[in-house]
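Secondary and tertiary structure notes
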Amino acid sequence: MTRTPWTLARRSFLLGAGLTALAACSSPAGVGGADTGSTGVTGGRTGKELLLYLSAGHDYQPYLDVIRRFETDKGVKVTVQTFQWSDLQQKLTADFLSGDTADLVEEPGGFWATRFGADGNIMSLNGFLEQEPGFLDDFVPAGVQVRQAGGATYAVPLHVTMGGLVFANQDMLQAAGVQVPTTWEEFRAAARAIVAGRPVRAVLTTPVRPSPQAR
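Cut-offs applied
- Residues numbered from 1 in each chain as written.
- Predicted model: local features only at pLDDT ≥ 70, side-chain atom pairs only at ≥ 80, totals over all residues.
- Heavy atoms only, no water.
- Helix = DSSP H or I, 4+ residues; strand = E, 2+ residues; numbered from the N terminus.
- Expected span 1.5 Å × (residues − 1).
- Buried < 20%, exposed > 50% of the residue type's maximum accessible area, 1.4 Å probe, protein only.
- Arc of directions from axis to C-beta.
- Phe/Tyr/Trp six-rings, centres within 6.5 Å; stacked < 30°, edge-to-face > 60°.
- Core = buried A, V, L, I, M, F, W, Y, C linked by side-chain atoms within 4.5 Å.

Focus: helix 3 (residues 85-98)
- Its 14 residues place the ends of helix 3 20 Å apart at the C-alpha level, agreeing with the 20 Å of an ideal helix rising 1.5 Å per residue.
- Residues L88, L92, D95 and F96 constitute the buried set of helix 3. Down the axis of helix 3, the sector holding all buried residues measures 95 degrees, keeping them to one side. Turned more than 90 degrees off the buried face of helix 3, the exposed positions are Q90, L97 and S98.

Pasting the structure below:
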């Protein structure tokens, strides 16, 4: 069975590779039929269903809303299954051995994508990305580079999170005439205003290392 290859509309791709997908060596057409398009993917798929693995707790309502819109627009059923990270890694290992894999998988932002790609267990996204020049420009470069190896892109970031609160010295903020920041731009501007001409060690801190966007 052959079918027309997928086109790579930018926001449709959010539901495809954009879900930091380990596209697990299955066709982009969905569970159960065939695809031989410009992406270089072959395999049995009908194009009527996609199986998506997410980390437990990451089935956020905005993601589910996008999935529902995708289902309506494309006529494709998306089945979401959630796992703890450790369970997900075990599930994927078992899936790879059995040959029965999900279409899309969220990974924890480490080296799952490149490791599984090097093993031949997941597909490169290059064929899709070639259809949408500049797509990767939407992402923080470091978040993309960690998912690339040997000239291949195996996943793209789903989201960038900051897992903590901002602690501030209110007296210093008031003296500098600035408010507690709510964005990285405001954070940098407030820090510069406070330390201007002063040997200050720390005024605004976060309990975890900030993302590359904050540098």
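Side note on the packing of aromatic side chains
- Summed over the entire model, instances satisfying the criterion amount to seven aromatic pairs.
- Both rings, one in F96 and one in F116, keep their centres 5.1 Å apart while their planes meet at 70 degrees; by these two values the pair is edge-to-face. Of this pair, F96 sits in helix 3 while F116 is found in helix 4 (residues 112-118), placing the two residues 20 residues apart along the sequence.
- Site record: aromatic cluster; members linked through ring pairs are W85, F96, W112 and F116.

Brief notes about the nonpolar core
- Within the largest apolar cluster, 15 residues are counted, with the highest numbers of intra-cluster contacts made by Y53, L88, L92, V105, F116 and I122.
- For this core, the secondary structure elements donating two or more residues are strand 1 (49-55), helix 3 and helix 4.
- Among the nonpolar cores identified, the runner-up in size contains nine residues, and L50, F70, V76 and V78 belong to it.

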